[in-house]
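One-letter residues, chain by chain:
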Amino acid sequence: MATTLYADLADSRLPAILGQELMLSREDRSVILNHPALFYAGDVTGSGSSVIKQSELDFMAAHELAAVADGAAVTPTTLTDTSYTVTVARRAKSYEPTDLARLTDSFGALDPVKFAEDATLSAGMTLTSLIAQLMGGFSNVFGTSGSNLTLQDFEEAVTSLEIANVAGPYMAILHARQWGDMRDAIRTSTGTVAFDPASPDMIRMRGTGYKGSIYGVDLFVSNKVPTANAGADYAGGVFGRGAVLWADASVPVDPSVVGVNAGKVMLEFDRDAASAKTAFVSNYYLGVAEGDDARGASLITDA
Amino acid sequence: MARLNQPAPPAGDVPAPLERPAGDQPMPRLGPSSRFLLLAHPNRWCVTGGKLIPLLKRFSLELGLCGVDKSGNHYGALAQQKSRGWTEIPEDVDGPGTSYLRVDRVAQGQRFRTRWEIVYNGSSRIGSRSDEYAAWCAELVERGLVMAPPVHVIEGMIERLEASLANLSNKVHAVPSLKIKIDAQEADLAVLRAELERLHGDLEPAEGAAPEALPEVDPVDERAAQLHSDNKKAALVEMAEDLGLSTKGTAKTIAQRIAEHEFGGDDDGQE
């Protein structure tokens, strides 16, 4: 009796069918949500410049009262200011699927709503990436090149900020390698470590990069943290409010705009009928800069 | 059992190599990154490969980061970094036409790296020729492109390393593998101590040499001293104006601002 093989049914079988769920590629999607240590310098929309100058003044108890003799005139105190600038620039992305690519999409991934979600998440990741790149740039450096990050390195960095009168709350951004070393150090520590691991609620609030709080410092992991020493080390950091400044702008919304205004991110649909395709273009204007260098410390340890 | 009088088995041909579809060449599995410059700071040093080297930072020339403006102009941003005490290591520091950067094609665009970093096709691993890099950094100091480390920075590094060693020594009985780390840190400490000794040797006067006398202040010319004090602020204001700095504040504030500009000192005026 002849056997009917799978190969005999080539016209009634498919080479492959699509899985029920779309799996995302392996990328860092840990958006660092707004943390009090990140100083939002403002929105430049309608301000007359793409640069925001953030002033700093030695006021509010920066000067103590002087001892003055009875009847003597007090010497006036001079207020001294300084400033840091944040330059806002454009970031953009465009996907241009053809109609055929979209109409055969069985997942609903090439849908305007999904493109809007992608645009907001990507904007968040861009901000995260820019902030993470600043971590290795503070002039105060802790850790040992070629050695794993230790609790002592972390403590020293935090202490240096406290000595420098840096206002809290503090935020740390480490590479996953550094976090792995830190976790190991916590596990093998012989003393008491004030580590409060991230609860599911906190992760929902602060993003998947949030790992918990240690010595009162909110610890985030981002693989956007750069390398140092020609790839031998990673350059994470810990900082207080005022070390990292960021600013953004709002894209003007005209009646002619066809798209989604997702907060500060504008997603527009640009139809090219002749080519039967639609471009999903997102635009976001933002800037990140180092503010007061002394308010941060880099943690440069083995990669 | 072997049969007799059978033809010899075919030797077989080497198959032609499998054709790889165009565009399927593996690339490093790393994200894109922007071009950058390396900057040195007097406070940032580390021991690598048995050498005390400047711990250079990557100053990313990315739009919207640290003042890189809408058209990609980074000169203002770089000037800002220099005013904070950073020294630029030019990309062609080793001669015209050379660069310490390399660029690789990655899935989402381009990725810049230093020439001592190694990337692997199809992998996210980043390797390092750290000994070559350390030698290059040490050369930057020898060539005078980066100033030698200040004594207080090395002293601070020694203090931290000694504290770390004391801490590790307390634990080594419970965790014997820490011995490797202790040995590495002791080697680093020896490098730092030798460097400190060398710097102290440079600073101290030669044996038998008379210490340099401080200039004497003429107590008689009080008027001149007063005039000097009055003119001090004016001179500082003039100097600040020449350097394009703010002239606001007291003489001390202006002096600090100039010192910061010239030497990259801290806000409190300490070097």
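Look a little higher up for the structure.
Residues numbered from 1 in each chain as written. Chains lettered and ligands numbered in written order. Predicted model: local features only at pLDDT ≥ 70, side-chain atom pairs only at ≥ 80, totals over all residues. Heavy atoms only, no water.

**A look at the packing of aromatic side chains**
The geometry of an aromatic ring pair is captured by two quantities: the separation of the ring centres and the angle between the planes.
Residues and elements named next belong to chain A.
(1) Moving on: In this structure the tally under the stated criterion is ten aromatic pairs over all chains.
(2) Moving on: Ring centres 4.0 Å apart and planes at 15° place the aromatic pair F115 and F280 in the stacked group. Of this pair, F115 sits in helix α2 (residues 112-134) while F280 sits in strand β15 (residues 277-290); the two residues are 165 residues apart in sequence, bridging distant segments of the chain.
(3) Moving on: The buried category is assigned to F115, whose relative accessible area is 7%.
(4) Moving on: Taking 5.9 Å as the distance between ring centres and 45° as the angle between the ring planes, the aromatic pair formed by W179 and F195 counts as tilted. (Phe/Tyr/Trp six-rings, centres within 6.5 Å; stacked < 30°, edge-to-face > 60°. Helix = DSSP H or I, 4+ residues; strand = E, 2+ residues; numbered from the N terminus. Buried < 20%, exposed > 50% of the residue type's maximum accessible area, 1.4 Å probe, protein only.)

**Description of the nonpolar core**
Where a protein is soluble and globular, its nonpolar side chains tend to be buried together.
(1) Moving on: Core analysis: the largest hydrophobic core is formed by 83 residues, its most contacted members being A:F239, A:V244, A:V288, B:L56, B:I89, B:Y100 and B:W136.
(2) Moving on: Element by element, the count of residues in this core is highest for α2(A), at nine residues.
(3) Moving on: With sequence-adjacent residues up to four places away left out, A:V244 is seen in contact with A:A37, A:L38, A:F39, A:I131, A:L134, A:M135, A:F138, A:F239, A:V288, A:A289 and A:G291.
(4) Moving on: Grouped together as the second largest cluster of nonpolar side chains are 23 residues, A:F154, A:W179, A:V217 and A:V238 included. (Core = buried A, V, L, I, M, F, W, Y, C linked by side-chain atoms within 4.5 Å. Contact = heavy atoms within 4.5 Å.)

**Notes on empty space enclosed by the protein**
Here the idea is plain: a probe the size of a water molecule rolls over the atoms and shows the empty space left.
(1) Moving on: Under the definition given, this model contains two cavities of 30 Å³ or more.
(2) Moving on: Every residue along the wall of the largest cavity is listed here: A:Q133, A:L134, A:G137, A:E290, B:K57, B:R58, B:F59, B:S60, B:L65 and B:C66.
(3) Moving on: Counting only elements with at least two residues in the lining of the largest cavity, the list comes to α2 of chain A together with β4 (57-60) of chain B.
(4) Moving on: Ranked by the residues each element gives to the lining of the largest cavity, the list is headed by β4(B), at four residues.
(5) Moving on: A volume near 30 Å³ is recorded for the second largest cavity.
(6) Moving on: For the second largest cavity, the full set of lining residues is A:Y84, A:T85, A:A289, A:E290, B:C66, B:Q80, B:Q81 and B:R84.
(7) Moving on: Going through the elements one at a time, β3 (81-87) and β15 of chain A together with α1 (75-83) of chain B are the ones with two or more residues in the lining of the second largest cavity.
(8) Moving on: When the residues that make up the lining of the second largest cavity are grouped by side-chain class, the tally is three nonpolar, three polar and two charged. (1 Å grid on protein atoms, 1.4 Å probe; cavity = no way out; pocket = protein on both sides within 12 Å on 5 of 7 lines; lining within 4 Å. Points joined across faces, edges and corners; volume = space filled by probe spheres on them. Nonpolar A, V, L, I, M, F, W, Y, C, P; charged D, E, K, R; others polar.)

**Notes on the sheet that holds strand β1 (residues 36-40) of chain B**
Residues and elements named next belong to chain B.
(1) Moving on: Ordered in space as β4-β1-β5, the three strands form an open sheet in which the pairing is antiparallel. On the outer flanks of this sheet lie β4 and β5 (87-89), each paired with one strand and no other. Shown here is a sheet whose adjacent strand axes are inclined to one another by a mean of 45°, direction ignored.
(2) Moving on: Pairing between β1 and β5: three bridges, direction antiparallel. Paired with A40 across the strands is T87, a residue of β5.
(3) Moving on: Contacting β1, β4 and β5, α1 runs over the sheet at an angle of about 150° to β4. (Pairing = 2+ DSSP bridges. Axes fitted to C-alpha atoms, helices over the stretch in contact; angles between N-to-C directions.)

**A word on α2(A)**
(1) Moving on: For α2(A), built from 23 residues, the straight-helix expectation of 33 Å at 1.5 Å per residue is met to within 8% by its first-to-last C-alpha distance of 34 Å.
(2) Moving on: For α2(A), the N-terminal cap is A:D111; the gap from its side-chain oxygen to the backbone nitrogen of A:V113 is 2.9 Å. (Expected span 1.5 Å × (residues − 1). Polar contact = N/O pair within 3.5 Å; in protein donor to acceptor, adjacent residues only side chain to side chain.)

**With respect to the interface of chain A and chain B**
(1) Moving on: Contacts between chain A and chain B engage 42 residues on the former and 48 residues on the latter.
(2) Moving on: When chain A packs against chain B, the two sides together hide about 3,400 Å² of surface, and 47% of this comes from carbon and sulfur.
(3) Moving on: Taken together, chain A and chain B are joined by three salt bridges.
(4) Moving on: Between B:R160 and A:E156 there is a salt bridge, and its shortest N-O distance comes to 3.8 Å.
(5) Moving on: Residue assignment for the side of chain A that touches chain B shows that the elements contributing at least two residues are β3, β4 (89-95), α2, β5 (141-142), α3 (151-163), β15 and β16 (296-302) of chain A.
(6) Moving on: Examining the composition of the side of chain A that touches chain B, we find that five residues originate from one element, β15(A), more than from any other. (Buried area = accessible area lost by both parts, 1.4 Å probe. Salt bridge = Lys/Arg side-chain N within 4 Å of Asp/Glu carboxyl O.)

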